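Chain by chain, the residues run as shown.
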Amino acid sequence: MLTREIFSEDHHAFRDVARKFFEREVAPQHGEWEKAGVAPRSVWQKAGAAGLLCTTIPEEYGGSGADRLFPAILIEEQARLGLSGPGFSTHSDIVAPYILNYGTEAQKREWLPAMARGDAIGAIVLTEPGGGSDLRSIRTNAIRDGDSWVLNGQKTFITNGQCADLLVVAAKSSRDPAQKEITLWVVEASSPGVSRGQNFQKIGMKAQDTCELYFDNVRLTERNLLGKEDQGFPMLTCELAWERLQIAVGAVATSAAALQWTRDYTRERKAFGGLVSDFQNTRFRLAEIKAEIEIAQVFVDRCLVEAAAEKLDKTVAAMAKYWCTELMGRVVDECLQLHGGYGYMWEYPIARAFADARVHRIYGGSNEIMRELIARTL
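Residues numbered from 1 in each chain as written. Predicted model: local features only at pLDDT ≥ 70, side-chain atom pairs only at ≥ 80, totals over all residues. Heavy atoms only, no water.

### As for the layout of surface pockets
Moving on, step 1. In this structure, the second largest pocket spans a volume of roughly 830 Å³.
Moving on, step 2. Together, 28 residues line the second largest pocket, and M1, R4, A256, I293 and Q297 are the ones closest to its centre.
Moving on, step 3. When contributions to the lining of the second largest pocket are tallied by element, the ones reaching two or more residues are α1 (9-26), α4 (69-80), α7 (232-266) and α8 (280-308).
Moving on, step 4. When residues in the lining of the second largest pocket are grouped by element, the largest group, nine residues, is from α8.
Moving on, step 5. When grouped by side-chain class, the residues that make up the lining of the second largest pocket number 13 nonpolar, three polar and 12 charged. (1 Å grid on protein atoms, 1.4 Å probe; cavity = no way out; pocket = protein on both sides within 12 Å on 5 of 7 lines; lining within 4 Å. Points joined across faces, edges and corners; volume = space filled by probe spheres on them. Helix = DSSP H or I, 4+ residues; strand = E, 2+ residues; numbered from the N terminus. Nonpolar A, V, L, I, M, F, W, Y, C, P; charged D, E, K, R; others polar.)

So this is what it looks like as structure tokens:
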């Protein structure tokens, strides 16, 4: 495989810390968390103590002030072990950057240190029932009432929804469905009027809690306003490119892990008097997978360099998200097939990866939307 020259010695040292953390603190308990549908708060606090949360947030706000290669490493190491939860990347690299980049100084100092410690867990609250990827169709609204606002609405498919303390919520400033502009708010989940639905029973990503959230006359003030009113779309556009690249990073890492699991399995499994790995069909299929993963890794690494330099193009990020998640879908399917009947058993990591992989072509903007974004540049 090609040498990944984008990483420094500091990055390699961080990878070692991340790998040991997931092997020691997450993997042994992950099966129980899948059954529970949520990871405990204690593992978030352990991750915070280990310096694994909010790594790109400046030190003055409790983070490490690191570049974006550090969270990419964390995503890769979590994917390498096939761990669907906890939702660290949503918390650290989607929610926290919104507060850092668009929040007031008071908001940053109030919320970011707690997020870096793992004492306050974040969730991004965008999608609504019937809305899907079309954010302009949302109906949740925050209507001005004197010197405050009143928030009402319903959101769905919220990662970290069951355990989140801080919610970055997208809402309109009018009840008029024709209004297209949105505003972003930071809402504390403990606020009167905020409630959670039951944890969704998903086909995959079982250790990552996901639910609906309801807002019933939630009172908001200037303290909760993120950025300026009706200016949410430009903020989302800037941050979505990095979010989509994170999905691509995890997709390639999962594909590489699936290849490793399958190579090891076929070298042990016997059929028709020989090892499955000795069949030409097995060798050729794994060879094709290896080549495609290598190609995808080079592209993603180039995107990571651009992201670290704050130069990542949103269309290129859409390409990465689309291509790498489609690749992951093909890889886990092929690798499960090479496991035979055992690949369908939940105790084998390829089975869990197969179930976990499917949603990556949907969230972060469906791959149909990614194709549309790419097509607009032709």
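Structure shown, so let's carry the discussion forward.
### Here's the deal with the packing of α4 against α7
Moving on, step 1. Running from N to C, α4 and α7 point in directions that differ by 35 degrees, and their axes come no closer than 8 Å. For the crossing formed where α4 meets α7, the hand is right-handed. Contact residues: α4 offers P71, A72, I75, E76, A79 and R80, while α7 offers W242, Q246, V249, G250, A253, T254, A257 and W261.
Moving on, step 2. Across the contact of α4 with α7, the residue classes tally to nine nonpolar, three polar and two charged. (Axes fitted to C-alpha atoms, helices over the stretch in contact; angles between N-to-C directions. Left-handed = near helix turned anticlockwise from the far one by under 90°. Contact = heavy atoms within 4.5 Å.)

### Thoughts on the pattern of salt bridges
Once their charged atoms are close, side chains differing in charge can pair, the charge on each being opposite to the other.
Moving on, step 1. In the structure shown here, the tally under the stated rule is 29 salt bridges.
Moving on, step 2. The shortest N-O distance in the salt bridge between D145 and R219 comes to 2.8 Å. You can see D145 sitting in strand β2 (residues 141-145) and its partner R219 sitting in strand β7 (residues 210-220), a full 74 residues away along the chain.
Moving on, step 3. Connected through shared salt-bridge partners, R4, R15, R19, E23, E76, E77, R80 and D301 make up one network. (Salt bridge = Lys/Arg side-chain N within 4 Å of Asp/Glu carboxyl O.)

### Things to note about helix α6 (residues 105-117)
Moving on, step 1. Counted at 1.5 Å a residue, the expected span for α6 with its 13 residues is 18 Å, and the 19 Å between its end C-alpha atoms agrees.
Moving on, step 2. The largest bend in α6 amounts to roughly 30 degrees and is located at W111, with the proline P113 lying one to four residues further along.
Moving on, step 3. If you check which residues of α6 are buried, you get Q107, K108, W111, L112, A114, M115 and A116.
Moving on, step 4. Directly beyond the C-terminal end of α6, a positive phi value near 85 degrees is found at G118. (Expected span 1.5 Å × (residues − 1). Bend = angle between axes of the 7 residues up to and from the residue. Buried < 20%, exposed > 50% of the residue type's maximum accessible area, 1.4 Å probe, protein only.)

### Considerations on the packing of α7 against helix α9 (residues 314-339)
Helix-helix packing is characterised by the crossing angle of the two axes and by the distance between the axes.
Moving on, step 1. Contact geometry for α7 and α9: axes closest at 8 Å, N-to-C directions at 20 degrees. Here α9 runs roughly parallel to α7, going by the angle between their axes. Once α7 is placed against α9, the crossing between them reads as left-handed.
Moving on, step 2. Residues that form the contact of α7 with α9 fall into these classes: 19 nonpolar, seven polar and three charged. (Parallel < 35°, antiparallel > 145°, perpendicular 65-115°, else oblique.)

### Quick notes on the sheet that holds strand β3 (residues 148-159)
Moving on, step 1. Strands sit in the order β2-β3-β7-β6 across an open sheet of four strands; the sheet is antiparallel. A strand with exactly one partner marks an edge of an open sheet, and here the two such strands are β2 and β6 (194-196). Strand-to-strand twist in this sheet, taken as the mean axis angle between neighbours without regard to direction, amounts to 10 degrees.
Moving on, step 2. Strand direction decides the pairing type here: β3 and β7, joined by eight bridges, are antiparallel. Bridge pairing links T159 to T210 in β7. (Pairing = 2+ DSSP bridges.)

### Looking at α7
Moving on, step 1. Relative to the 51 Å expected for 35 residues at 1.5 Å per residue, α7 spans 50 Å between its end C-alpha atoms, a close match to the ideal helical length.
Moving on, step 2. At E239, α7 shows its maximal bend, which comes to roughly 30 degrees.
Moving on, step 3. Along α7, 28 of the 35 residues are buried, which leaves the element largely enclosed by surrounding structure.

### What to know about the pairing of strand β4 (residues 166-171)
Sheet faces and side chains relate simply in a regular strand, where the side chains alternate between the two faces.
Moving on, step 1. Within β4, six of the six residues are buried, which leaves the element mostly enclosed by the surrounding structure.
Moving on, step 2. Alternating positions in β4 separate into two faces, L166, V168 and A170 on one and L167, V169 and A171 on the other, with burial throughout.
Moving on, step 3. As defined by bridge partners, strand β1 (residues 122-125) adjoins β4 across four bridges and the pair is classed as parallel. Each residue of the ladder has a partner; that of I124, found in β4, is V168.
Moving on, step 4. In this sheet, strand β5 (residues 183-188) lies alongside β4 in antiparallel orientation, the contact comprising six bridges. Within β5, the position partnered with L167 by the bridge is V187.

### A word on the sheet that holds strand β8 (residues 225-226)
Moving on, step 1. Spatially, the four strands line up as an open sheet ordered β1-β4-β5-β8, and their pairing is mixed. Looking at which strands have only one partner, the edges of the open sheet turn out to be β1 and β8.

### Describing the state of the cysteines
A covalent bond between the sulfur atoms of two cysteines is referred to as a disulfide.
Moving on, step 1. The full count for this structure, using the stated rule, is zero disulfides.
Moving on, step 2. C54 carries a free sulfur, and the closest cysteine sulfur to it, the one in C163, is 14 Å from it.
Moving on, step 3. With no disulfide of its own, C211 lies 8.8 Å from the sulfur of C163, the closest cysteine sulfur. (Disulfide = S-S within 2.5 Å.)

### Observations regarding the packing of aromatic side chains
Moving on, step 1. If you walk through the whole model with that rule in mind, you get 10 aromatic pairs.
Moving on, step 2. Taken together, the ring pairs in this structure connect F21, F22, W44 and F88 into an aromatic cluster.
Moving on, step 3. Its guanidinium or amino end placed over the ring of F7, R15 lies 5.1 Å from that ring's centre, counting from NZ or CZ.
Moving on, step 4. The ring of W323 carries the charged tip of R330 above its face, separated from the ring centre by 5.2 Å. (Phe/Tyr/Trp six-rings, centres within 6.5 Å; stacked < 30°, edge-to-face > 60°. Lys NZ or Arg CZ within 6 Å of the ring centre and 35° of its normal.)

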